[in-house]
Every structure is written in C-alpha cells, then in structure tokens.
Amino acid sequence: MPRNVTSAGESRLALVRRARRMTRILAETYPDAHCELDFTNPLELAVATILSAQCTDKRVNLVTPTLFAKYRTAADYAGADRAELEEIIKSTGFFRAKANSIIGMAQGLCDRYGGEVPGTLKDLVTLPGIGRKTANVVLGNAFDVPGITVDTHFGRLARRFGWTEETDPVKVEHIVGDLIPKNEWTMLSHYMIWHGRRLCHARKPACGVCPLAALCPSFGEGPTDPAQAAKLVRPGPFS
Ligand code: SF4
C-alpha cells in the first residue's frame, strides 16, 4: 500500500487538513461508533466509567444491570453498605478502590450538587473518583457537551497519526482539540477508541487493511501484507 505522508516537516495547515481527512475516514469506517458502556443517565455513566478503569466495557456491562437496579440515586450509593457494593463490582477488578471512588463521588454529589451530576468539566473534576478522562466521557455522552477522552487507545493513535508526540493525556487533549472542530470531539473520541480496539492495536496494528494507511506516518508499524493484516482485525463489538 502506498505511503505518501510523513509527519516530519509538515506545516500546521497540512497537519490540520490531514487530521480532518483522517477523522472523516474514521467516521465513514465506524458509522456506528458510540460509547460502549451501557447507561441511561449521567449518574449511571459516571459509575460505569469509574468501573471501566483497567477493565473491559463488556465486563462492566455484565455488572451494571444488578448495580443500577440496587442503587438508583447518588444517595443510594452514598449510603451503600461497602461490603455489598464491593461484592457486586468485584469482577471488574480493583474493587476496593472503585467502591471508594463511587461512594466518595456520590457523597460529593449529595453534599454539593443536590444529588445531581453536574454538567461542567470544572465541577465534575472536583468530585472524588472523577478525573478529567471520566469527566469528558460523562460530558460528551450524557450531556452532549463536546469532550475529548484521551484513554490509552486515543493517546497511542494520536502519536501514531503524527498529530502529537506528547504522552501527557491533558496535553494530547488540548493539542488534538486545536486540530479538530469542537463539535466533532466526542465522536472523534469514539472513532479513535474503536479504531484502536479493532485495528490499530498496541502491539501489532493491522496496517495492511487500514483505511488510514495513506495518511498515517506509522504505516508499516504492523504487517502491511493485507492477508496477514486481515487476521489481526478484531471485529467487535466489545460491549
Ligand atoms: S493500523 Fe497502521 S496505518 Fe493504520 S492507523 Fe494504525 S499505524 Fe497507522
């Protein structure tokens, strides 16, 4: 497959154009991209996102029906019996820390926000257990406020794409935010995560069948032979 781009020496304008073309190709490739965590309101999404740390969305989605049926409000979580809560979320790993985060967040919601999840980054990140990444997931998917979610997939792909060399998630968020229009941030986050999960894997990206190959300076980091690359594609869904 032809490789007709390098990131070295690329002008700012060329980078912006290339980043936007790549985003359009990702949008065409993953028209169904969405948050793979199941939720029906901002509180459920905040809890599911806390549980998704170091855990697959699929595993979280197995646990949350029981959890959400038992705890319906922030006050329910704030007053939860810790042992009972831990038992329900145990299979998602790091369950003690996650129980701490959920109970702490819920207490913060009850103490300062009338039990409701606030819809701004500034307020969300003041809550225990809610970092910038979780806050952006909640804003983008439960409040329709554009947010860039820099998880491990997003960061890796942004670097492979030659959009940035930064490894700090907050810096990556700001740099990519300057390349892509704000109204596309939330969907871009989904596209990146979907592409990272399905095709542009950490160890062996499936470059030989990648729709971004002609625009990606990292083409060749994985097998370029289409037949070999095709075997690496994971079709999903992951939820
Ligand atoms: S799979 Fe290969 S060509 Fe495609 S985005 Fe990843 S590194 Fe670039």
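Counting starts from 1 at the beginning of each chain's written sequence and moves along it residue by residue. With the structure being a predicted model, the display of local features is reserved for residues of pLDDT at least 70 and the display and counting of side-chain atom pairs for 80 or more, all residues being used for whole-chain, interface and lining totals.

Identification of the protein chain as Endonuclease III from Sphaerisporangium aureirubrum is taken from an unreviewed UniProt entry. The Catalytic activity (unreviewed entry) field of the UniProt record for the protein chain holds the comment "2'-deoxyribonucleotide-(2'-deoxyribose 5'-phosphate)-2'-deoxyribonucleotide-DNA = a 3'-end 2'-deoxyribonucleotide-(2,3-dehydro-2,3-deoxyribose 5'-phosphate)-DNA + a 5'-end 5'-phospho-2'-deoxyribonucleoside-DNA + H(+)". UniProt positions are given in the numbering used here, feature names are shortened, and annotations may be inferred rather than shown by experiment. Under the UniProt heading Sequence similarities (unreviewed entry), the entry covering the protein chain gives this text: "Belongs to the Nth/MutY family."

Under the DSSP-based scheme used, a helix requires at least four consecutive residues in state H or I and a strand at least two consecutive residues in state E, with every element numbered from the N terminus. Helix and strand content of the protein chain: 12 helices and 0 strands. Along the chain direction, N to C, the helices and strands of the protein chain fall in the order α-α-α-α-α-α-α-α-α-α-α-α. Against the compact-globule benchmark of 18 Å for 239 residues, the protein chain has a radius of gyration of 19 Å, which places it among compact chains. Along the first, second and third principal axes, the C-alpha set of the protein chain runs to 60 × 35 × 25 Å. Here the globule rule reads 2.2 Å times residues to the power 0.38, and the radius of gyration is calculated from C-alpha atoms.

Turning next to the domain arrangement of the protein chain. By a widespread convention, an interface's size corresponds to the accessible area lost as its parts come together. As used throughout, domain bounds are those supplied by an automatic or database domain assignment. Entries for the protein chain in the domain assignment read domain 1 (12-31 + 148-230) and domain 2 (42-142). Each of domain 1 and domain 2 has a C-alpha centre, and these two points are 29 Å apart. Tallying contributions element by element places helix 11 (residues 185-198) first for the side of domain 1 that touches domain 2, with 3 residues. Considering only residue class, the side of domain 1 that touches domain 2 consists of 5 nonpolar, 3 polar and 1 charged. Gly counts as polar in this scheme, as do all residues outside two lists: the nonpolar Ala, Val, Leu, Ile, Met, Phe, Trp, Tyr, Cys and Pro, and the charged Asp, Glu, Lys and Arg.

What follows covers the UniProt feature "binding site: [4Fe-4S] cluster" (unreviewed entry) in the protein chain. With numbering aligned to this structure, UniProt lists the feature "binding site: [4Fe-4S] cluster" (unreviewed entry) at Cys200, Cys207, Cys210 and Cys216. Spatial clustering of the annotated residues is evident: they stretch over 17 residues in sequence, but the largest pairwise C-alpha distance comes to 11.1 Å. Position of Cys207 among the secondary structure elements: in the loop between helix 11 and helix 12 (226-230). The residue Cys216 is located in the loop between helix 11 and helix 12 in this model.

Right, let's talk about the site of the ligand for a bit. Using the backbone to place each C-beta atom, any residue with that atom within 6 Å of a molecule or strand is considered near it. Close to the ligand lie 14 residues; Cys200, Pro205, Cys207, Cys210 and Cys216 are nearest. Looking at the shell around the ligand residue by residue, the classes come out as 10 nonpolar, 2 polar and 2 charged.

In this structure, Thr126 sits in the loop between helix 7 (121-124) and helix 8 (132-142). Along the primary structure Thr126 and Gly108 are separated by 18 residues, whereas in three dimensions their C-alpha atoms are 8.5 Å apart.

Here the focus is the nonpolar core. For our purposes the nonpolar core covers buried Ala, Val, Leu, Ile, Met, Phe, Trp, Tyr and Cys residues that link as a set through C-beta atoms within 7 Å. Between the buried cut of 20 or more and the exposed cut of 12 or fewer other C-beta atoms within 10 Å of a residue's own C-beta lies the partly exposed class, and all C-beta atoms are placed from the backbone. Counting 31 residues, the largest nonpolar core has Ala158 and Cys210 as the members making the most contacts within it. Those elements giving two or more residues to this core turn out to be helix 1 (12-29), helix 9 (152-160), helix 10 (169-179) and helix 11. If you tally residues by element for this core, the top one is helix 11, at 6 residues. By the criterion used throughout, residues are in contact when their C-beta atoms, derived from the backbone, lie within 7 Å. With sequence-adjacent residues up to four places away left out, Ala158 is seen in contact with Trp163, Thr164, Val172 and Val176. Among the nonpolar cores identified, the runner-up in size contains 30 residues, and Ala46, Ala48, Ala74 and Ala135 belong to it.

The subject of this paragraph is the packing of helix 1 against helix 11. Describing two packed helices takes the angle between their axes plus the distance from one axis to the other. Axis definition: a line fit to C-alpha positions, over the contact stretch in the case of helices; interaxial angles, taken between N-to-C directions, run 0 to 180 degrees. The N-to-C vectors of helix 1 and helix 11 enclose an angle of 70°; their axes lie 10 Å apart at closest approach. The orientation of helix 1 with respect to helix 11, classified from their angle, is roughly perpendicular. Of helix 11, the residues touching helix 1 (which contributes Thr23, Leu26 and Ala27) are Met187, Leu188, Tyr191 and His195. In terms of residue class, the contact of helix 1 with helix 11 is built from 5 nonpolar, 2 polar and no charged. Roughly parallel means an angle under 35 degrees; roughly antiparallel, over 145; roughly perpendicular, 65 to 115; everything else is oblique.

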